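Spelled out, the chains give:
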Amino acid sequence: MSSRRLPVYLVLDCSGSMSGDPIEAVNQGVKALVAELQSEPYAIETAYLSVITFESTAQQVCPLTELMTFQPPLLSAGGTTALGAALKLLTQCFDKEVKKASDAQKGDWKPLVFLMTDGMPTDTWEKAADQLKQKKPANIIACAAGSGADEYTLKKLTEIVVKLDNLQPDTLKQFFKWVSQSIKQSSQSVAQVMADNQPINLPPPPQGIQIIP
């Protein structure tokens with residue numbers, strides 16, 4: 001049994017513009033994602049989940065937790081969009097939680113990060129984004145949700161950016177379903193391929209979600 005973990009970080013925008021139906025859909029989406037992963041043997045064996053939220057500040061509301069004991073947090077919306085703070089916190093979490101490879105141990109698989117935002121950053125974020133893009137400590141999938149978010153801002157953070165047409169509950173739920181499929185696929189591929197630095201292989205996105213070339 002492999003003790004190498006696949007750390008998965010959900011970095012979620014909980015700013016005021018997410019109030020009402022959108023944040024409710026995010027809560028439902030996270031719950032559905034966890035339920036789906038808990039029925040997938042490979043994911044149970046390898047995936048560990050963490051949730052980081054950001055509004056006027058950023059906080060890690062769930063530390064990296066084994067899938068079977070993970071409790072979805074209840075998220076609420078308010079405040080501005082401190083993307084820079086979220087990226088800095090994400091980097092700190094990698095340093096603190098992700099096991100590095102050494103002579104004695106192989107270390108964890110490369111973390112998988114799903115970052116979703118529905119607006120423009122309201123703090124300085126460019127430096128943190130640059131560092132993440134250069135160092136590539138994780139496979140980062142960024143999601144520009146709805147018309148207020150700029151996918152080209154997110155391109156400065158990662159090559160893999162998806163755009164949601166809108167913030168309708170159905171669209172958000174589809175996004176989280178796609179995320180859970182992506183995590184499942186990754187947990188299967190690390191279990192089967194056992195190779196590091198594999199390019200991430202994402203399932204095709206559903207209607208209403210497009211991958212930005």
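Residues numbered from 1 in each chain as written. Predicted model: local features only at pLDDT ≥ 70, side-chain atom pairs only at ≥ 80, totals over all residues. Heavy atoms only, no water.

(A) Summary view of the pairing of strand β2 (residues 47–54). With eight of eight residues buried, β2 lies mostly within the body of the structure. Alternating positions in β2 separate into two faces, A47, L49, V51 and T53 on one and Y48, S50, I52 and F54 on the other, with burial throughout. Sheet topology places strand β1 (residues 6–13) next to β2; eight bridges connect them, and they run parallel. Within the sheet, the bridge partner assigned to L12 lies in β2 and is T53. Bridge count for β2 against strand β3 (residues 58–66) is six bridges, and the pairing is antiparallel. Paired with L49 across the two strands is T65, which belongs to β3. The antiparallel hairpin formed by β2 and β3 contains three residues in its connecting segment. (Buried < 20%, exposed > 50% of the residue type's maximum accessible area, 1.4 Å probe, protein only. Helix = DSSP H or I, 4+ residues; strand = E, 2+ residues; numbered from the N terminus. Pairing = 2+ DSSP bridges.)

(B) Fine view of the nonpolar core. L12, L33, M116, F175 and I183 are the most contacted members of the largest nonpolar core, which totals 39 residues. Those elements giving two or more residues to this core turn out to be β1, α1 (21–37), β2, β4 (112–117), β5 (139–145), β6 (160–164) and α6 (169–193). Not counting chain neighbours up to four residues away, the residues in contact with L12 comprise V26, V30, V51, I52, T53, F54, L75, M116 and F176. (Core = buried A, V, L, I, M, F, W, Y, C linked by side-chain atoms within 4.5 Å. Contact = heavy atoms within 4.5 Å.)

(C) Up close: the sheet that holds β2. Strand order in the open sheet formed by seven strands is β3-β2-β1-β4-β5-β6-β7, with mixed pairing between adjacent strands. One side of each edge strand has no neighbouring strand; the edge strands of this open sheet are β3 and β7 (209–212). Sheet twist, expressed as the mean angle between neighbouring strand axes with direction ignored, is 20°. Both β5 and β6 contribute to a ladder of five bridges, which runs parallel. Each bridged residue has a counterpart across the sheet, and for C143 the counterpart in β6 is V162. This element, α1, spans β1, β2 and β4 of the sheet and lies at about 170° to β1. The strands that helix α3 (residues 83–97) touches are β1, β2, β3 and β4; relative to β3, the one it contacts most, it runs at about 30°. (Axes fitted to C-alpha atoms, helices over the stretch in contact; angles between N-to-C directions.)

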